[in-house]
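# Commentary on secondary and tertiary structure
Listed below are the residues making up each chain.
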Amino acid sequence: MASQGKKLINDPNAVVTEFIEGLVETYPGLQYLDGFPEVKVVLRADYASAMLDKVAVISGGGSGHEPAHAGFVGEGMLSAAICGEVFTSPQVDAILSGIRAVTGPMGCLLIVTNYTGDRLNFGLAAELAKSEGYKVETVIVGDDCALPPLRGIVGRRGLAGTILVNKIAGAAAATGLSLDEVAAEAKRASEMVGTMGVALSVCTLPGQVTSDRLGPGKMELGLGIHGEPGAAVADLQPVEVVVSHVLHQILSPDRNYVPITPGNRVVLLVNGLGATPAMELMIVAGKAVPQLQLEHGLAVDRVYTGSFMTSLDMAGFSISIMKADEAILQRLDASTKAPHWPVGVDGNRPPAKIPVPLPLSHSGKSDDSLSRPQQLSEQGHLLEVAIKAAVNAIMDLRDNLNEWDGRVGDGDCGSTMYRGATAILEDMKKHYPLNDAAETVGEIGSSIRRVMGGTSGIIYTIFCKAACAKLKANTQSVVTSKQWAEALEASIAAVSKYGGASAGFRTLLDALIPASAVLQERLNAGDDPCIAFLLSSEAAVAGAESTRHMQAQAGRSAYISPDILATVPDPGAMAAASWYRAAALAIKNQYQVHE
């Protein structure tokens, strides 16, 4: 069913004017021509000096395709862009004004997308300019590969490939070539490029309702950029399947849209249509490159991915493929100040992207060098017992943690902690050097970092790595109780430093800080280390329970009302208290067995 879309616009009839106002405020190198808003021409702010000894390059058309064309105005690309109303060709007077504004003795090249309105309006403006003594040439771009080649007098539509033609022409003009030479390069480029688009939704014209032409689970193949229906409607397919169809359509030898054959070098442009996230466009690019290389036998020399020529808020993409040689690549690589040209793409692209090797750890120890000892020392055995008890306690608490977190967070605390606990148990069987306490604690952090993710994962990794560093400062083979207490204190300090939380923030520190304080206090008083550990674990449990009465100041719970928070303790604090208490009880039971 058609619906009214939500838009950040004031007056549907003023969207182009207000867009241009924002554009020139954003980019100091752009200006609009006097006569605005009736004359909607965006030009280089340095137009007076630029027109003296260079060919001017102008493009334009209906608005709604931003950043095309105004976003590609700048030194090394377009001298000016003529903006019509949404999906409407600009008026002849506006085009003529643009020609007059930026054209000097070297003349002007008009690059026009192949739509009847654009051809007529730009054509008449060109003839009027010539009658006034200006030198003007015109290149028509029709890069559409979706429709059968023979379309009567209409021909193929101009799509995103026009942007590549604009760049090549602008770079050629910047070198000082004559008008005929610039026009020849632009015409040659236009003959080398093919484009096809795929839409997942229909665009919404300002002030109008969104069409329901495309139903759920459907996509439109071979669409234009003005909301007109495509060549066909099909079921939505996986990205690689859609990309394969588009590439075969563009490169079809039967239809001969572009003169590209196996062994050629090409440029790939993946273009978003307005509402497609960059993530999805990158996925398209990632599928297109290997298919071009392996299935079509082409060398992909440049890849440009982003939104270049859109269709308002349409979801979908188009792919443009241009046959390349050194001359074309040189023009594409030439510097430009056009704000929306992807300046980060520059230079030769390797035929295959090989991952950069991971740098070795400064510790000098690789994962393969760490292994479980054949024989455990007394300390190693106690460490194993404590670790097992701690992770089993977390695994048993998974559902409770998820339930508590479901009320005050995103509901996955238990599952996240469970993943970490499972990894620790598995890795301990083979990889933990349990007789080396410092390295073992460090490896627990590595296990957590590999599988847990999220805030909890990084916090516990910091916790373990800080403890590891503190324990390594000890040169003795056996870690004393006092040193374990100092390691706990160092871990808490590191978590507080990087996470920003402290006591009373309703986090795991509200369990660990009182535990550390009691442990230090009892050891300094001369208590038996096992008893001191046990008493400190009781403090951890009490601290975790006390979080019911705290207002969260960190994490997602900070957004929850106090009334809801009071119904449950902090899941992170309860998890910390649980594993800490379980480890303490396991050590106590172990000593009782030996007694």
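Provided above is the structure to which this section pertains.
Residues numbered from 1 in each chain as written. Predicted model: local features only at pLDDT ≥ 70, side-chain atom pairs only at ≥ 80, totals over all residues. Heavy atoms only, no water.

## Quick word on the overall build of the chain
- Within the chain, the regular secondary structure consists of 19 helices and 14 strands.
- Along the first, second and third principal axes, the C-alpha atoms of the chain reach 110 × 55 × 50 Å.
- Per-residue burial over the chain gives 50% buried out of 595 residues.
- Within the structure as shown, the chain displays about 27,200 Å² of accessible surface, and the carbon and sulfur contribution to it stands at 55%. (Helix = DSSP H or I, 4+ residues; strand = E, 2+ residues; numbered from the N terminus. Buried < 20%, exposed > 50% of the residue type's maximum accessible area, 1.4 Å probe, protein only. Areas by Shrake-Rupley, 256 points an atom, 1.4 Å probe, with all protein chains shown as cover.)

## With respect to helix 13 (residues 437-451)
- Between its first and last C-alpha atoms helix 13 spans 22 Å; for 15 residues at 1.5 Å apiece the expected length is 21 Å, and the two agree.
- The element helix 13 is largely enclosed, with a buried count of 12 among its 15 residues.
- Sitting at the head of helix 13, aspartate 436 places a side-chain oxygen 3.3 Å from the backbone nitrogen of alanine 438.
- Looking at the residues trailing helix 13, positive phi occurs at glycine 453, about 70 degrees. (Expected span 1.5 Å × (residues − 1). Polar contact = N/O pair within 3.5 Å; in protein donor to acceptor, adjacent residues only side chain to side chain.)

## Regarding the packing of aromatic side chains
- By the definition in use, this model includes 7 aromatic pairs.
- Here the aromatic rings of phenylalanine 72 and phenylalanine 308 are separated by 6.5 Å at their centres, their planes lie at 15 degrees, and the arrangement is stacked. Here the residue phenylalanine 72 occupies a position in the loop between strand 4 (56-63) and strand 5 (80-86), and phenylalanine 308 occupies one in the loop between strand 13 (299-306) and strand 14 (316-324), the gap between them amounting to 236 residues.
- The buried category is assigned to phenylalanine 308, whose relative accessible area is 2%.
- Aromatic side chains phenylalanine 463 and tryptophan 579 sit 6.0 Å apart centroid to centroid with 75 degrees between the ring planes, which places their arrangement in the edge-to-face category. Residue phenylalanine 463 is located in helix 14 (residues 454-472), and its partner tryptophan 579 is located in helix 19 (residues 571-594); the two are separated by 116 residues in the primary sequence.
- In this arrangement the basic side chain of arginine 398 is found over the ring face of tyrosine 418, its NZ or CZ atom lying 4.0 Å from the centre. (Phe/Tyr/Trp six-rings, centres within 6.5 Å; stacked < 30°, edge-to-face > 60°. Lys NZ or Arg CZ within 6 Å of the ring centre and 35° of its normal.)

## Focus on the pattern of salt bridges
- For the structure shown, the criterion picks out 25 salt bridges.
- Note that aspartate 333 is salt-bridged to arginine 302, the shortest N-O span being 2.5 Å. Of this pair, aspartate 333 sits in helix 9 (residues 326-333) while arginine 302 is found in strand 13, placing the two residues 31 residues apart along the sequence.
- Arginine 302 gets classed as buried once you look at its relative accessible area, which sits at 3%.
- Residues arginine 522 and glutamate 521 are paired through a salt bridge, measuring 3.7 Å at the closest nitrogen-oxygen approach. (Salt bridge = Lys/Arg side-chain N within 4 Å of Asp/Glu carboxyl O.)

## Section: the sheet that holds strand 13
- On the basis of which strands lie adjacent, the open sheet formed by 6 strands has the order 11-10-8-14-12-13 and mixed pairing. Of all the strands in the sheet, the pair left with one neighbour each is strand 11 (232-235) and strand 13. Strand-to-strand twist in this sheet, taken as the mean axis angle between neighbours without regard to direction, amounts to 20 degrees.
- Of the pairings in the sheet, the one linking strand 10 (residues 218-221) to strand 11 comprises 4 bridges and is antiparallel in character. (Pairing = 2+ DSSP bridges. Axes fitted to C-alpha atoms, helices over the stretch in contact; angles between N-to-C directions.)

## Section: the nonpolar core
- Counting 62 residues, the largest nonpolar core has Trp579 and Tyr580 as the members making the most contacts within it.
- When residues in this core are grouped by element, the largest group, 10 residues, is from helix 19.
- Those residues in contact with tyrosine 580 that sit more than four places away from it in its chain are Leu488, Leu512, Ala515, Leu519, Phe533, Ser536, Ser537 and Ala540. (Core = buried A, V, L, I, M, F, W, Y, C linked by side-chain atoms within 4.5 Å. Contact = heavy atoms within 4.5 Å.)

## Quick look at the packing of helix 13 against helix 14
- With their axes 8 Å apart at the nearest point, helix 13 and helix 14 run at an angle of 165 degrees to one another. Classified by the interaxial angle, the pair formed by helix 13 and helix 14 is roughly antiparallel. Every pair of crossing elements has a handedness; the one defined by helix 13 and helix 14 is left-handed. Across from Ala437, Ala438, Glu439, Val441, Gly442, Ile444, Gly445, Ser446, Ile448 and Arg449 in helix 13, the residues of helix 14 making contact are Gly457, Tyr460, Thr461, Cys464, Lys465, Ala467, Cys468, Leu471 and Lys472.
- Per-class residue counts for the contact of helix 13 with helix 14 are 10 nonpolar, 5 polar and 4 charged. (Parallel < 35°, antiparallel > 145°, perpendicular 65-115°, else oblique. Left-handed = near helix turned anticlockwise from the far one by under 90°. Nonpolar A, V, L, I, M, F, W, Y, C, P; charged D, E, K, R; others polar.)

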